[in-house]
Amino acid sequence: MMHIPERYQPELLADHHRAGWLDWSLDFFTDQEVLQIPYVDITLQLEVSNAYALYQKQAVKEASFFAFLIWHFAQILKTHLSFKLRLVNDTWYIIHNPPVLIPVAVGGQQRFFELVLNDVALLDYPQFSVLYRQELEKIRAGQGQRATAESFYFSHFFGNLPNLQFTGLTLHYRQENISGQTMFYFGKRYEVAEKMYIPLSVKLHHACTDPFVLDLLLQDFQQRMLQDNLPRS
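Counting restarts for each chain: residues are numbered from 1 in the order of the written sequence. Two thresholds apply to this predicted model, a pLDDT of at least 70 for residue-level local features and 80 or more for giving and counting side-chain atom pairs, whereas whole-chain, interface and lining totals are computed over all residues. Excluding hydrogens and water, the side-chain figures rest on all heavy atoms present in the structure.

Draft legend 1. Summary view of the nonpolar core. To form a nonpolar core, buried Ala, Val, Leu, Ile, Met, Phe, Trp, Tyr and Cys residues must be joined to one another through side-chain atoms within 4.5 Å. Whether a residue is buried, partly exposed or exposed follows from its accessible area with a 1.4 Å probe, protein chains only, as a fraction of its type maximum: under 20%, in between, or over 50%, in that order. Ranked by internal contacts, the top residues of the largest apolar core, which has 48 residues, are Leu46, Phe73 and Phe158. The helix count covers DSSP runs of H or I at least four residues long, the strand count covers runs of E at least two residues long, and both are numbered beginning at the N terminus. It is helix α4 (residues 65-77) that provides the largest number of residues to this core, a total of 11 residues. Not counting chain neighbours up to four residues away, the residues in contact with Phe158 comprise Phe66, Ile70, Phe73, Leu77, Val100, Leu101, Ile102, Pro103, Phe184 and Phe186. Listed in part, the 14 residues of the second largest apolar core include Val88, Tyr153, Leu171 and Tyr185. Two residues qualify as a contact provided that any one of their heavy atoms is within 4.5 Å of a heavy atom in the partner residue.

Right, here's the structure in full:
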């Protein structure tokens, strides 16, 4: 039995939230009697020209561009129901305050540790940037720990491959007791015709997400990057 920590602010999914497409897809794509792999993998080249300009304008000492992207994605994800759904013990929940989980390469025999950041939805950009840098430095100083099962499965998962300009990436996933998590992986940013791009691979669970809702999410991202007076929370 999987337990949902209270700090993640779980809410039982109500019937009115399920109305329409979700009332079918939530059950069909989690049906153990149906032979299927209920995931959609998509890799795209995300234009981040406006995002990088805003990153430089909102300069925060502790923040990398990757951290900037994570915080803004986390704020946008708060308004997209499909990406906040998790199936827990055969019951669907909305997770309003999920952690952010980032695999960090440390090399050696350990190879990776997981950076887990709590309450990202409640932090403003400067607060998040400080927390991100502090926790990252702990891992790089050899103080990393493996993530718990709860922090992994309820998280917004963001990976970073800053040296790989990939055009396709399929992420593995083992479904146990829970489903619904979306996984994001960024690659090496590059320029074409004076525009900046970054590879973005996304693994979608088809019960609650699909390319349609991903498109809406990315439209909101681009719109957010056009706001000169962007709120910091």
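Draft legend 2. Representation of helix α3 (residues 49-57) in the model. Among the residues of α3, those classed as buried are Ala51, Leu54 and Tyr55. The buried residues of α3 occupy one face: seen down the axis, they fall within an arc of 105°. Close packing links the buried residues of α3 with α4, α5 (125-143) and α7 (211-224). The directions from the helix axis to the C-beta atoms are what the arc is built from.

Draft legend 3. Local environment of the pattern of salt bridges. The term salt bridge refers to a pairing of a side-chain nitrogen on Lys or Arg with a carboxyl oxygen on Asp or Glu at a separation within 4 Å. Using the criterion set out here, one finds 6 salt bridges in the structure. Among the ionic pairs, Arg146 bridges to Glu114, the shortest N-O distance being 2.5 Å. Separated by 32 residues along the polypeptide, Arg146 in the loop between α5 and α6 (149-153) and Glu114 in strand β6 (residues 111-117) bring together distant segments of the chain. The exposure class assigned to Glu114 is buried, which follows from its relative accessible area of 15%.

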